[in-house]
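Chain and residue survey
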Amino acid sequence: MRYAIIGTGAIGGYYGAKLVRAGRDVHFLLHSDYEYVRQHGLRIESCDGDFTLPHVNAYRRAADMPACDVVIVGMKNVNNHMLPDLVRPVLKPGGIVLLIQNGIGVEADMQKALPEAQLAAGLAFICSAKAGPGLIRHQCYGSINIGNYSCRDRELFDRLLEDLQDASIKAAEVDYATARWRKAVWNMPFNGMTVALDTRTDLLLKNPATRHLIREQMMEVVGAAQALGVRGLDEKFVDKMIADTLTMTPYSPSMKLDYDNGRPMEIYYLYTRPIEEARKAGFSMPRLAMLEAELRFKQETSGISPWEKHYKG
């Protein structure tokens, strides 16, 4: 089975490299470090053991890539307006697009742009960052849950799971809606709060005041999910998320790294969209709506592009 990686960064690059190491046929679309990777390959510095891929199938343009059975998208959702034109020339008829992206609503919007594509959500639980050209630094964790959004080909879906597992990636199928909102329980508080307060996840939890606020924000996400009919999220899950985060290596989430490096933040799908969906279901998220406003203020007063482009049909 042939794979394409659209977005060879901290997430797509890591999982793609693991697939290559396991002997799978993988093709990488790159932008800023295309020349470096073409000449020197990819290096993964990992808590599970470092490795280097001296030669990878690297491309600057999607049009030059071969047709693939699975397209793994690891690019930030602020660029999703570009995604249909990147996926169309690469995806085989009947192929799967695995969106390893943050937020609520990304699959619904992408399905409008790619109505024939089979879509799946990839919910990565991983601390990983792009540390330089062709260099990905994997700190801890690394599992991925896959939610079936519109995959009709059960055999192809199962082969995707098996290939990930064979590559020593802990991958499992989960209910789509539950998985998306479970990830939001962690993402919505920690991504935004690390930016708003210029801090790390561990420091937020060490301080009693911010730890209480994080928990209240998590409970807002649980309440929104429940209002939308999503099962499997409750107070015990929130307590587990906090306990798990306390055991993590001190960490700056992806939104904090984007802000620190002058890149647009993923505000729409991480905040605006879930807040809107919850409001339609009769549930308000006042703490997270305030955090969204703070993030938009910080973005617009920092010289970063004050808007996101996302596909809405």
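Before reading further, recall that the structure is shown in the block above.
Cut-offs applied
- Residues numbered from 1 in each chain as written.
- Predicted model: local features only at pLDDT ≥ 70, side-chain atom pairs only at ≥ 80, totals over all residues.
- Heavy atoms only, no water.
- Buried < 20%, exposed > 50% of the residue type's maximum accessible area, 1.4 Å probe, protein only.
- Helix = DSSP H or I, 4+ residues; strand = E, 2+ residues; numbered from the N terminus.
- Pairing = 2+ DSSP bridges.
- Right-handed = clockwise from strand over helix to strand, strands pointing away.
- Core = buried A, V, L, I, M, F, W, Y, C linked by side-chain atoms within 4.5 Å.
- Salt bridge = Lys/Arg side-chain N within 4 Å of Asp/Glu carboxyl O.

Most of strand 2 (residues 25-29) is tucked away: four of the five residues are buried. As paired strands, strand 1 (residues 2-6) and strand 2 are joined by five bridges and run parallel to one another. Paired with alanine 4 across the strands is histidine 27, a residue of strand 2. Regarding the hand of the β-α-β motif, the stretch spanning strand 1, helix 1 (residues 12-21) and strand 2 is right-handed. Direction of pairing for strand 2 relative to strand 5 (residues 57-59): parallel, over a ladder of three bridges. The residue bridging phenylalanine 28 from the neighbouring strand is alanine 58, located in strand 5.

Moving on: the pairing of strand 6 (residues 68-73). Most of strand 6 is tucked away, with six of its six residues classed as buried. Relative to strand 6, strand 1 runs parallel, the two sharing four bridges. The partner of isoleucine 6 across the bridge, within strand 6, is valine 73. Strand direction decides the pairing type here: strand 6 and strand 7 (residues 91-99), joined by five bridges, are parallel. Following the sheet pairing, isoleucine 72 is matched in strand 7 by leucine 98.

Note that soluble globular proteins tend to have their nonpolar side chains buried in a common cluster. With 38 residues, the main nonpolar core has Trp181, Val185, Met218 and Tyr271 as its most contacted residues. Within the second largest apolar cluster, 37 residues are counted, among which are Tyr15, Ile126, Leu164 and Ala171.

On to the pattern of salt bridges, then. In the structure shown here, the tally under the stated rule is 31 salt bridges. Its salt-bridge partner being glutamate 277, residue lysine 280 comes within 4.0 Å of it at the nearest N-O pair. Within this pair, lysine 280 and its partner glutamate 277 are both found in helix 11 (residues 267-280), separated by three residues, close to a single helical turn. For lysine 280, a relative accessible area of 67% corresponds to the exposed category. A single network of salt bridges, built from pairs that share partners, joins Asp109, Lys112, Arg273, Glu277 and Lys280.

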